[in-house]
Amino acid sequence: MKKYFKFIIALLVALVFIGTFVFLWRKSQPQPVAYEEFTPKVMDISKTTVVTGKIEPRNEVNVKPQISGIITQLYKEAGDRVQAGEVIAKVKVIPDMQQLSSAEARVRLANVNANQSKTDYEREKTLFDKGYVSADEFDKIKLAYSQAKEELAAANDNLQVVRDGVSKSNANASSTLVRSTVSGLVLDVPVKVGNSVILSNTFNDGTTIASVANMNDLIFRGNIDETEVGRLVTGMPMQITIGALQDLSFEASLEYVSPKAVESNGANQFEIKAAVHVGATAHVRSGYSANAEIELASAKHVLAIPESAIEFSGNETFVYVIKGAGENKSYERRKVTTGLSDGLNIEVKSGITAKDLVRGPKIVKEE
């Protein structure tokens, strides 16, 4: 019994050894090389680039006050529509003490002159009525009296403007009412009631009361690399996609290419602008991130093969045309003239026909 058991063990060991040897021998044998095979096809090829940027209104206007003071009322908020001339806010004037003192002094002086001119006029009129003075002398006194009254009225108006920001004579055009200069959508109101505001002058840009823009006139603004900017032409069509509105895309047309580059991350880039054609139903917000796809070149109805089947050798290109089948299969290296490539497929202008079968890259088998 023990003799048979030892024999079986030895047989199993021998089988394992032989099996291992056969397995390793087969693994060491060269495997037949297999290649992908392609048939040239007639297709449209286009070379495109994608530019990242954002959507913004063509003209965004900052509305600023005409006087310095404190915001007492806000009539609009972000998201409201406004017409040109419509009141956005009201400002309470905080008068300058020096200007106020000068205006008050002007009123007092004008009042003194007006009283004196009135006295002279009444005395001169009495003498004129009795025939003691000539009409020419009386007209001079009358004119002086009229001028004194106008100066008093002007001094009072000036005092009201300095003190209140508005006078009775110009109440309809009050500078205390901040009006929109354009029609559009209120994008932002960065002030609150009680905030101090200042008017724009030589030393200060002034306080922005509101930002207003026409959201029906939008542009795409982005930067394109210097290697591609030479192919851009004003008027080129673009396809705009917005990250926040993935189901929508918009047509656009290139309007502007900057003549000067800006450096970004070590690369020279040029700013571009394009008019975006937004439908009436689309609700696009200012500042949306967007991508613009631009077709730089295209070739219609051309013979093409996958670019992976092309062999590049210096300035020349070659393909391997398959001859025969099965064990008689061979490969003929043939020079071809190529054209436009989209990164996946490449145009073949000459060297092969649609009836040829072209060898592609090796088929890599998974272990």
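In what follows, the accompanying structure is described. (Residues numbered from 1 in each chain as written. Predicted model: local features only at pLDDT ≥ 70, side-chain atom pairs only at ≥ 80, totals over all residues. Heavy atoms only, no water.)

**So, unusual backbone geometry**
- A positive phi angle, near 55°, is found at Asn265, a position not held by glycine.
- Examined against the element boundaries, Asn265 turns out to sit in the loop between β13 (245–264) and β14 (267–277).
- Notably, His301 is not glycine yet its phi reads approximately 50°, a positive angle. (Helix = DSSP H or I, 4+ residues; strand = E, 2+ residues; numbered from the N terminus.)

**Side note on the nonpolar core**
- Counting residues in hydrophobic clusters, the biggest one holds 27 residues, and the most contacted among them are Ile55, Phe220, Leu232, Met238, Ile240, Ile242 and Ile272.
- Leaving out residues up to four positions away in the same chain, Ile272 has contacts with Val51, Phe220, Arg221, Gly222, Ile224, Leu232, Met238, Leu254, Tyr256, Val257 and Ile294.
- Ile88, Val93, Val178 and Val191 belong to the second largest nonpolar core, which has 16 residues in total. (Core = buried A, V, L, I, M, F, W, Y, C linked by side-chain atoms within 4.5 Å. Buried < 20%, exposed > 50% of the residue type's maximum accessible area, 1.4 Å probe, protein only. Contact = heavy atoms within 4.5 Å.)

**A few points about the packing of aromatic side chains**
- If you walk through the whole model with that rule in mind, you get two aromatic pairs.
- Their ring planes at 20° and their centres at 5.1 Å tell us that Tyr121 and Tyr145 sit as a pair that is stacked. Placement of the pair is Tyr121 in helix α2 (residues 97–129) and Tyr145 in helix α3 (residues 135–164), with a sequence separation of 24 residues. Of the two residues, Tyr121 and Tyr145, neither departs from the other in class, the shared state being buried.
- The rings of Tyr121, Phe138 and Tyr145 are connected pair by pair, giving a single aromatic cluster.
- If you follow Lys273 out to its NZ or CZ, it ends over the ring of Tyr256, 5.1 Å from the centre.
- Its end group placed over the ring of Phe318, Arg333 keeps NZ or CZ at 3.8 Å from the ring centre. (Phe/Tyr/Trp six-rings, centres within 6.5 Å; stacked < 30°, edge-to-face > 60°. Lys NZ or Arg CZ within 6 Å of the ring centre and 35° of its normal.)

Honestly, it's all geometry; don't read function into it.
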